[in-house]
Structures are given as structure tokens and as C-alpha cells.
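Architecture at a glance
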Amino acid sequence: MKRSLDLLLGYARAGQLGTRLRKFATRHLYIPASIDPDDTIILAGSSRSGTTWLSELINFDNRYRFIFEPIQPEVVPILSHFRPKQYIRPGETDPHFLQPIDVIIRGRLRNRSVDKHNMRLYARRALIKMIRGHLLLYWLHEQYPSIPKVLILRHPCAVLASRRRLGWQWGNEEIDIFLDQEDLIEDHLLPYVDKIRSVDSEIEQQMMSWCIENFVLLKQFRDARLHVVFYEHLCVDPSNVLPSLFDFVGRPFDDRVMRKVTQASATSNKDRVHDPKQNLFSWTRELDDSEIQKCVDILYLFGLEWLYDDRPNPVPTSSLEFGPV
């Protein structure tokens, strides 16, 4: 309580009390409400793929409580027994997995990190954004089939270039996250283990990580509904992409969302001009030819060449929706 009062006094002295008070209230003092899973949306994507930008477009009118990256065992105590990028095998009924996930889905989790971008004081609906949940999303779909699941995909070379600009470090430990999970290897990765272990450059390690999490997710959702948004399509033709997305999540499309398309997200690189079209192909200048070829080779290894190749745009035949309508 003392820390909270000190923060408010600091904001008052800085002449920012009104704005800061609203943010403080919605992030720390919001009124908890039990949320029905039918009133929840889950948005998944790899880091630096535009997940925050797309979540802000979906939540353009502040309709939802924004639950930001709850699958973080290191900062969410009820998930402390989860692995980073935990794989949960379909059909798993262990309450150690079920119970904490249900707390998150029903909006009962309060956490400073998870709530830091929430701007709604009271909500009966939730938008859950996660970049670490690819390997449990299908299991979660089994538990909550009525929740619309959305995946945003961005060219992995663009993802890797964005991480490089931010100075993100990547090492063998990121690959070990996958190789240490026996169920994941047995179910999906056994044919690829030797190749996964053999990569030694940072660009290949990151590419392996991107391919593993998206390969498993897309393979699992082949017979279940999943709406895929391509970042590149969203940049170039948002007026076509957004109405179909809103229809999928059960919201009538509102033209007001288009005003937010060119606004930088809360996690964007503030040193770069937020012009989606202008920044779309910058990775082709930031990665050299040999790096791009290594990335494309790994895409082919996992059979993901139907999504992307060495060109900036998605392959034209890529589907936007999986599973039965």
C-alpha cells in the first residue's frame, strides 16, 4: 500500500495524475470478475510477430480485459512447475496443468506483469495474448473448444531481424527447451532431433525455435478451427483481413478499428517509424544471403515452405483458416 501511495504522489508532482491514475487503477485496482470462457479470445504468435499490435486492434474499444503473456512460469507463481514453452500432450488430465490454466482462462489471475497493459477497470470478457503457448494451445483447445483461437504469422526472417535490432541473445538453452521434453520429441520431433542438435549459429537456433513451435501447432490444428492472420497481409490490406478476423471471433466489424492500424503498439520499437508497409521488407536488407538461405533450408526441413520462402510475402496458396467451419 505504501508503494502504491508513493507512486500516486509521484504522478501528482509530475502533473500526470489523471492519466497515470487511470492506468494505475486499470492495471492494479481493477474489479475482478469471473469470465466465462465463451467470452474469451486467445491470440498466439511468436515473439516480434505483431501479437501486441493485433491484440490492440481486436481490443480497439477497450472491450476486453487484456491478459498479457500469462504463460510465464518465471513470473506467474501458479505456473512455477511449468517448463518454458511447455508442451502438453492432447488428452492430458493432470490437475497440475488443468487448475492453473483454468484460473487464467476465467480471469482469476492477478499479476503485475500479466496486467501491465490492461486498461479496463471491470470486464466480463478477456483477450489473452501469448507468445509462449504454442505447444499447449491444442490441449487448451480440447479443454475450451468454444474459445476462438487466432494465430498471427510473420515471415521468420523478419522476426529474427526484429529480435536482432533489439539486441536479443539466443543460445543452445533455447533449443534445449524443446529437446528436454520427451513427450514433445516422441509426438512430433523424433525425425528432426539430430538436425535440431546440429545447428550452432544463432540464426539457425532461432529459426529452429520458430519452426518447431509453429510446425507443432499447425500440425495439431489441421482438423480443428484456427484462424491464421498473416502479418504481411495485415500490413498491406487491413480492410480485408480485419473483417474476417472479427467475424471469426464473433464481433461485428467496426470501422473505428482502422484508425488504430498505423498506431505503434505498446511493445513496438519506438525508435522506428511505425509504417507497416514501409517496414515490411526491411529484413531483406538486414540479413545476408547465407543467413536467409539457412532459414529457408530449415523451413523446408519442417515442410513449412507452403507458408514462406525467400520472398517477403507469404506463399500465395497459404490458407487463412484451418479446420471445419
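Please refer to the structure higher up on the page.
What you see is a predicted model; the values in this text were computed from it and never measured.

This next bit is on the packing of helix α10 (residues 202-220) against helix α15 (residues 289-301). Interhelical geometry of α10 versus α15 gives an angle of 30 degrees and a closest axis separation of 10 Å. Between α10 and α15, the angle is such that the two are roughly parallel. Judged by the sense of rotation from one axis to the other, the crossing of α10 with α15 is right-handed. From α10, I203, E204, M207, M208, W210 and C211 reach across to α15, where they touch E291, K294, C295, I298, L299 and L301. Looking at the contact of α10 with α15 residue by residue, the classes come out as nine nonpolar, no polar and three charged.

Inspection of the entire model under this criterion finds two cavities of 30 Å³ or more. Estimates place the volume of the second largest cavity at around 30 Å³. What lines the second largest cavity is simply I71, I101, I104, I105, I128, M130 and L140. When contributions to the lining of the second largest cavity are tallied by element, the ones reaching two or more residues are α4 (95-105) and β3 (126-130). If one sorts the elements of the lining of the second largest cavity by residue count, α4 sits on top with three residues.

Tracing the chain through its elements places V76 in the loop between β2 (65-68) and α4. On a C-alpha basis, the gap between V76 and L109 in space is 8.9 Å, while along the polypeptide they are 33 residues apart. Ignoring sequence-local partners within four residues, the contact set of V76 consists of P70, L109, N111 and V114.

Thresholds applied
Residues numbered from 1 in each chain as written. Predicted model: local features only at pLDDT ≥ 70, side-chain atom pairs only at ≥ 80, totals over all residues. Heavy atoms only, no water. Axes fitted to C-alpha atoms, helices over the stretch in contact; angles between N-to-C directions. Helix = DSSP H or I, 4+ residues; strand = E, 2+ residues; numbered from the N terminus. Parallel < 35°, antiparallel > 145°, perpendicular 65-115°, else oblique. Left-handed = near helix turned anticlockwise from the far one by under 90°. Contact = heavy atoms within 4.5 Å. Nonpolar A, V, L, I, M, F, W, Y, C, P; charged D, E, K, R; others polar. 1 Å grid on protein atoms, 1.4 Å probe; cavity = no way out; pocket = protein on both sides within 12 Å on 5 of 7 lines; lining within 4 Å. Points joined across faces, edges and corners; volume = space filled by probe spheres on them.

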